[in-house]
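Okay, here's what each chain looks like letter by letter:
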Amino acid sequence: MLSGLVRLQVGQVAVAERAFARYSAAEPDDSRGPTMLAIVHMRRDNNQAAIEVTETFLKRKPDDVGALRLLASAQLRSGAHEKAAATLERVTALQKDGSDAAARQARAALALLGQASAADMAALGASDIVPGDGLSKAILLANDHMALGEAAEAKTILQEPLQTHPDNPILRALAARIEIILGDSQAGRAHYEHALKSAPDFTPALVRLIFQDLIDGNTDAATTRVRAAASRAATPLSLVVQFTDALANAGQVGEAESLLRDRLRQQPDNLGLLDRILIAQFRLPERPGALESARAMIGKAKDDAPVLARGASALFELGEKVEAKAAFRKAIALAPTNDAVRLTFATYLAADKDYGEARKQLNEILKIKPDHRNAALRLIDIHLVEKNVEEARALLKRLPADPVSSAVLKAYLEARTDQLPAALETLEAAIRLNPVPVPVPVPVLNQFSFRIAAGDPAGAVAGATAWLQKRPDDNAVRVLMANQLLAQNDISAAIGEFEVVLAKEPRNPAVLNNVAWLKRDSDRDSALAYARRALTLAPSSPEIQDTYGYLLMRAGKVREALRLFKVAASNSGNPEIHTHYAMALKEQGDRQEALAVLDRVLQSKSLTETQRADAEKLRSSMGN
């Protein structure tokens, strides 16, 4: 499988096809073989072969959503739209709550095929501007190529529709996404601007353009757009919140708070707005106005227990513990069976070392819900802090659970009482209780972590490798193993494991970011491409901003890098990010600010030895 993935990445499609065919024959129940084989066939425009491969696999595993999604892709590309619609309906039926990315993609595709409900159309934000039949299918096909990471092919598909329907905002917004993924943010911006000229309130284009402004460092332009949108009474509050979150994530927290306050003047009793203002205030260094907002929230909450609890939580964080406890007790009196409120109160009480009151609240939860695992685990933690090990064991035995879950809890207690070898034996027994294909990811993940804690990283990797041979689709375990390989400085092996994950999850920004960072020395162009894709998918992530900024700086684009580092540093306390920010300031010639940033880094109590060494080396290179 790994050989095929590598061959496909470097363009050796025929060799990759043979590797995937061999893997499919050897592992007929593993979906990766046939799905990768189907992708190869589609890249060769052999859609019928892709259909045959996926249909054959689906006879064995009819509910495999990934295979169904690829079958729909091949059907769309061969013009079998009705069959594709039926396949997509199957995807939405399997993902009943609609939260899965595959289900969302399927609903969007059905909308463009004219087979979506009014609610689905409204959810797309485009109910009144969905184009005609032929154009819809071109957009759908381009979207499908995008989902499989084929942006260049998607761009080719849209060339003619853009000439014949230049003012369609959906078409323009899709073209913008494609250009940005291909690295041309200016062309992407032009498409978004054109979409908004045609439809000024077209939400997808407006949201994306604001994010792109922030990514490109055009915070003034983003703020102007957000202020204009927020000032319109017709703009939904949910959209105002989304815009202000984007500003806050870009380091413009004060501006975000100001916009929210403007809206609060129009809706003074809106608790949701107060909540968002409080969140913004907590992101500012001195938390100005937070105490006033928390008290206002409690005063306006009246009989709303969860809102009272959020205000009380803020008071705890601000050090007003007596006032916070009174607000929590009022919330509990209003909703005595609300376990979430009691659990939050107990958590703060335990953090304040008020173990007696915390125990009381947790026991009340367990009276109402005897199987409330989180409350039981918190209570077990308190027993262990107070050295009441037998009470912790007795509580553990009372928890109703299946054999595997009971074993996980037993191992947790053993690990907390410094019995790691016993915890590992318990978890190994739990894994043996559940033969494949029944998933038991929690025991495997815990086993991995416990082996690392016991000083046996090689055993952890060996155990994960053995598990993945039986469960190759368990990406949670694979990512954990890849991170450990990285910690052991086995870069090539870590990249290999991350790329296996990307074959199944090509839009996973965290993994894309990891691969970008790992390739920063060996393949800078590829690293930049991975980082750019990650940033497009998660534009407000400080870690991803940092990676892309670092790669831009090494490519000589210091000004662009500096903008990203500034935003990332304003939203993260990670010393490494701040050191990179100082590095860019030095390169830009702003020595004094670079020194100020480094001095703050070196005062941090969370520095690792490596981070301290890097910061001190940079500081030393700049003189006194």
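Residues numbered from 1 in each chain as written. Predicted model: local features only at pLDDT ≥ 70, side-chain atom pairs only at ≥ 80, totals over all residues. Heavy atoms only, no water.

Considerations on the overall build of the protein
A count of helical and extended segments in the protein gives 37 helices and zero strands. The 624 residues of the protein split such that 49% are buried. Across the protein, the fraction of contacts at a sequence separation of at least 24, relative to all contacts at a separation of at least 6, is 50%. Approximately 29,000 Å² of the protein is accessible, and the part contributed by carbon and sulfur atoms is 51%. (Helix = DSSP H or I, 4+ residues; strand = E, 2+ residues; numbered from the N terminus. Buried < 20%, exposed > 50% of the residue type's maximum accessible area, 1.4 Å probe, protein only. Contact = heavy atoms within 4.5 Å. Areas by Shrake-Rupley, 256 points an atom, 1.4 Å probe, with all protein chains shown as cover.)

What to know about the confidence of the model for the protein
Taken residue by residue, the protein gives an average pLDDT of 81. The fraction at 70 or more is 88%. When pLDDT is averaged over each helix and strand of the protein, the minimum, 45, is found for helix 8 (residues 118-123) and the maximum, 94, for helix 20 (residues 321-334). Note on residues 116-131: pLDDT is under 50 here. Beyond four places in sequence and across chains, it has 28 contacts. When the criterion is pLDDT under 50, residues 436-440 qualifies, and its contacts beyond four places in sequence or with other chains add up to 10 contacts. (pLDDT = per-residue confidence, 0-100.)

Some points on the packing of helix 31 (residues 509-518) against helix 33 (residues 542-554)
Running from amino to carboxyl end, helix 31 crosses helix 33 at an angle of 30 degrees, the nearest separation of the two axes being 10 Å. The orientation of helix 31 relative to helix 33 falls into the category roughly parallel. For the pair helix 31 and helix 33, the crossing hand works out as left-handed. Together, Pro-509, Asn-513, Ala-516 and Trp-517 of helix 31 and Glu-543, Ile-544, Thr-547, Tyr-550 and Leu-551 of helix 33 make up the contact between the two elements. Classifying every residue of the contact of helix 31 with helix 33 gives six nonpolar, two polar and one charged. (Axes fitted to C-alpha atoms, helices over the stretch in contact; angles between N-to-C directions. Parallel < 35°, antiparallel > 145°, perpendicular 65-115°, else oblique. Left-handed = near helix turned anticlockwise from the far one by under 90°. Nonpolar A, V, L, I, M, F, W, Y, C, P; charged D, E, K, R; others polar.)

Thoughts on the nonpolar core
Counting residues in hydrophobic clusters, the biggest one holds 57 residues, and the most contacted among them are Met-481, Tyr-548, Phe-565 and Tyr-581. Those residues in contact with Met-481 that lie beyond four places of it in its chain are Phe-448, Val-461, Ala-464, Thr-465, Leu-468 and Glu-497. With 50 residues, the next largest nonpolar core counts Leu-271, Ala-301, Val-307 and Ile-365 among its residues. (Core = buried A, V, L, I, M, F, W, Y, C linked by side-chain atoms within 4.5 Å.)

Structural notes on the environment of Val-322
Mapped onto the secondary structure, Val-322 falls in helix 20. Since its relative accessible area comes to 71%, Val-322 is described here as exposed. In sequence terms Val-322 and Ala-312 are 10 residues apart; their C-alpha atoms lie 9.9 Å from each other.

Focus on the environment of Ile-491
Among the structural elements, Ile-491 can be located in helix 30 (residues 491-504). By relative accessible area, Ile-491 is classed as partly exposed at 28%. Between the alpha carbons of Ile-491 and Leu-518 there is a distance of 6.8 Å; along the sequence they are 27 residues apart. Once residues lying within four places of it in the same chain are set aside, the contact partners of Ile-491 are Leu-486 and Leu-518.

Side note on the packing of aromatic side chains
Counting across every chain of the model gives five aromatic pairs. Note on Phe-316 and Tyr-348: the rings are 4.9 Å apart at their centroids and 10 degrees apart in plane angle, and the pair reads as stacked. Taken together, the residues Phe-316 in helix 19 (residues 305-317) and Tyr-348 in helix 21 (residues 339-351) connect sequence positions 32 residues apart. On the basis of relative accessible area, Phe-316 is assigned to the buried category, the value being 7%. Under the relative-accessibility criterion, Tyr-348 is labelled buried at 18%. Measuring from ring centre to ring centre gives 4.9 Å for Trp-517 and Tyr-550, while their planes differ by 55 degrees; the resulting arrangement is tilted. On the criterion of sequence distance, the pair formed by Trp-517 in helix 31 and Tyr-550 in helix 33 is long-range, its members being 33 residues apart. Pair check on accessibility: Trp-517 and Tyr-550 agree, each one buried. Pairwise contacts between aromatic rings join Phe-316, Phe-328, Phe-345 and Tyr-348 into one cluster. (Phe/Tyr/Trp six-rings, centres within 6.5 Å; stacked < 30°, edge-to-face > 60°.)

Some points on the side chain of His-383
Structurally, His-383 can be placed in helix 23 (residues 373-385). Judged by its relative accessible area of 6%, His-383 is buried. One polar contact links His-383 to Glu-391, side chain to side chain, over a distance of 3.5 Å. In contact with His-383, not counting residues within four places along its chain, are Arg-359, Asn-388, Val-389, Glu-391, Ala-392 and Leu-395. (Polar contact = N/O pair within 3.5 Å; in protein donor to acceptor, adjacent residues only side chain to side chain.)

A short note on helix 14 (residues 219-231)
Spanning 13 residues, helix 14 covers 18 Å between terminal C-alpha atoms, matching the ideal 18 Å at 1.5 Å per step. Within helix 14 the residues assigned to the buried category are Thr-219, Ala-222, Thr-223, Val-226, Ala-229 and Ala-230. Looking straight down helix 14, one finds that the buried residues subtend no more than 135 degrees of arc, so they occupy a single side. In helix 14, the exposed positions angled more than 90 degrees off the buried face are occupied by Asp-220, Thr-224 and Ser-231. (Expected span 1.5 Å × (residues − 1). Arc of directions from axis to C-beta.)

Section: unusual backbone geometry
Unlike most non-glycine residues, Lys-353 shows phi in positive territory, near 65 degrees. Inspection of the secondary structure puts Lys-353 in the loop between helix 21 and helix 22 (355-368). Positive phi, normally seen in glycine, also occurs at Asn-489, with a value near 65 degrees.

Notes on the side chain of Asn-47
Structurally, Asn-47 can be placed in helix 4 (residues 47-60). Taking relative accessible area as the criterion, Asn-47 reaches 11% and is therefore assigned buried. Ignoring any residue separated from it by four or fewer positions in sequence, one finds Asn-47 in contact with His-41, Met-42, Ala-74, Arg-77 and Ser-78.

Digging into the environment of Arg-69
Locating Arg-69 in the fold gives a position in helix 5 (residues 65-77). Here the alpha-carbon distance between Arg-69 and Thr-54, two residues 15 residues apart in the chain, equals 9.6 Å.

Quick look at the pattern of salt bridges
Going through the model one piece at a time under the given rule, you end up with 22 salt bridges. Glu-364 is paired through a salt bridge with Lys-367; the nearest N and O atoms lie 3.3 Å apart. Within this pair, Glu-364 and its partner Lys-367 are both found in helix 22, separated by three residues, close to a single helical turn. Look at Lys-367 and you get exposed, because its relative accessible area is 62%. Note that Arg-600 and Glu-593 form a salt bridge whose closest N and O atoms lie 4.0 Å from each other. Note on Glu-593: relative accessible area 31%, which makes it partly exposed. Counted as one network, the salt bridges with shared partners bring together Arg-227, Glu-255, Asp-262 and Arg-265. (Salt bridge = Lys/Arg side-chain N within 4 Å of Asp/Glu carboxyl O.)

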